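Coordinates in review
Chain by chain, the residues run as shown.
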Amino acid sequence: MKRTAIDRRTQKLAWASGLPWKVAKARVQALAAHQPLIAEASRDQAVLECHFLHALARPRCTTLHPWGIRSVAASTSRLVVTFETVQSNRGEGDDETTVLGLMRAVLPLGGDSGDVYGIAGARLRVEDGTVVLRRFGLNAAIQLDGFAPHAVQAAAMRVADEARQDGMAPCQQESPERWHACEREYMRRGTTDWYETLMATSAWLPSGLLRRAPLLRAVGIPLSTTAWTDADPYGPGELWKVDQEHFEPQAGSGVSHHRPFIAMLTDPECGMPLALEHEACRCATGRCDDCRVYLRSHGRPGRLEMRFTRRADFYLERAQSTVFEFERRRRLYRRLPATFR
Ligand SMILES: [Zn+2]
């Protein structure tokens, strides 16, 4: 247990944000003693982060960190996301990289059927030497760190070239300053479209998850992270489902490392306003199995289902024989103590 309140709060922030100790400590020292460690997003910022996590939820290439995110620095109307840059990341093609996968996920491409792939209305710009994602109509910004701006621009150019070859319109290149003709329908939808409204209603939830993505490293040795949504059957907003596939070194011993994770995710100082609804835990069985935890907020729309998919040794033997980089994953694992208050 850390000795001072500052150190104790720094440890929590470092676990949840992935920020280096010194950076986390400086942020904690700048806060009042009872201020939350991770700022909540403004409504506009939460909506942008909701679209961003939707785009990121199913990574297009293998990543070491959950969703490829090393660390996150959150403020009310801005989020700085530092991505991993790992040469060995591979997706569908041999030269698929994290940055290329990210560009494919977020850059809006207009298809001839009237659909837009990526985040309609989103634009990337280099501002003060950093790459920033914004969306028309929202006072919000996501700064994409970890990549050199020229690497991002090269990846964006490649995505645009490939889109043109496929008969799609790269909205960013063709209309950098305003909505592209392909996107106009999305612009008009605004808050009148049921799906946009659905997303915006519970945007605080994916925003809160994104702001704590590095905490997923505490579940077990991270293997892959995916998320998807349904409409919440019990109320307005979305039901977010997150599947954290991991290796648990002590599987079968009855140790449930998802419990400290959930405790941190709902911690008053660094967590989200979520309460446990139901837990289906199979840790004690030791089988290649999963545990599920269902959470909701009292007073806010939206719901969260966390799936903790535990992989057993036979799977790892195969994984270790490939470029899966198991040892690097092992080093990412952050084991939380059972109590940390
Ligand atoms: Zn369990």
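Up top is the structure.
Small disclaimer: the values here were computed from a predicted structure and weren't measured.

1. A word on the coordination of the zinc ion
Ligation of the zinc ion by protein atoms is provided by His258 (NE2), Cys281 (SG), Cys283 (SG) and Cys291 (SG), these donors lying 2.1 to 2.3 Å from the ion. The coordination sphere of the zinc ion comprises four donor atoms, whose angles at the metal cover 101 to 123°; the geometry is tetrahedral. When the donor residues of the zinc ion are listed from N- to C-terminus, their spacing reads H-x22-C-x1-C-x7-C. Of the residues examined, Cys283 reaches a relative accessible area of 6% and is grouped as buried.

2. A word on helix 4 (residues 98-106)
For helix 4, a buried count of eight out of nine residues is recorded, marking the element as mostly surrounded by other parts of the structure. All buried positions along helix 4 are accounted for by Thr98, Val99, Leu100, Gly101, Leu102, Met103, Ala105 and Val106. Lining the buried residues of helix 4 we find helix 3 (43-56), strand 2 (78-83), strand 5 (122-127), strand 6 (130-135), strand 7 (142-145) and helix 5 (149-165).

3. Notes on the pattern of salt bridges
Under the definition given, this model contains 24 salt bridges. For Glu127, the salt bridge goes to Arg134, with nearest N and O atoms at 2.9 Å. Here Glu127 falls in the partly exposed class, since its relative accessible area comes to 21%. Residue Arg292 pairs with Glu305 through a salt bridge whose shortest N-O separation is 3.6 Å. Here Arg292, found in strand 12 (residues 290-296), pairs with Glu305, found in strand 13 (residues 303-311); they are 13 residues apart in sequence, far enough to count as distant. Taking the relative accessible area as the measure of exposure, Arg292 reaches 25% and is therefore partly exposed. Ionic contacts of the salt-bridge type, sharing partners, join the residues Arg8, Arg9, Lys12, Asp267 and Glu269 into one network.

4. Comments concerning unusual backbone geometry
The phi dihedral of Trp67 is positive, around 55°, even though this residue is not glycine. Note that Trp67 resides in the loop between helix 3 and strand 1 (69-75). On the basis of relative accessibility, which here comes to 4%, the residue Trp67 falls in the buried class. The phi angle at Asp128 is positive, at roughly 50°, despite the residue not being glycine. Examined against the element boundaries, Asp128 turns out to sit in the loop between strand 5 and strand 6. A residue is classified by how much of its surface remains accessible, and Asp128, at 82% relative accessible area, is exposed.

Basis of the calculations
Residues numbered from 1 in each chain as written. Predicted model: local features only at pLDDT ≥ 70, side-chain atom pairs only at ≥ 80, totals over all residues. Heavy atoms only, no water. Donors = N, O, S within 2.8 Å, 3.2 Å for Na, K, Ca; no water. Tetrahedral: all angles 85-135°; square planar, octahedral: opposite > 155°, others 65-115°. Buried < 20%, exposed > 50% of the residue type's maximum accessible area, 1.4 Å probe, protein only. Helix = DSSP H or I, 4+ residues; strand = E, 2+ residues; numbered from the N terminus. Contact = heavy atoms within 4.5 Å. Salt bridge = Lys/Arg side-chain N within 4 Å of Asp/Glu carboxyl O.

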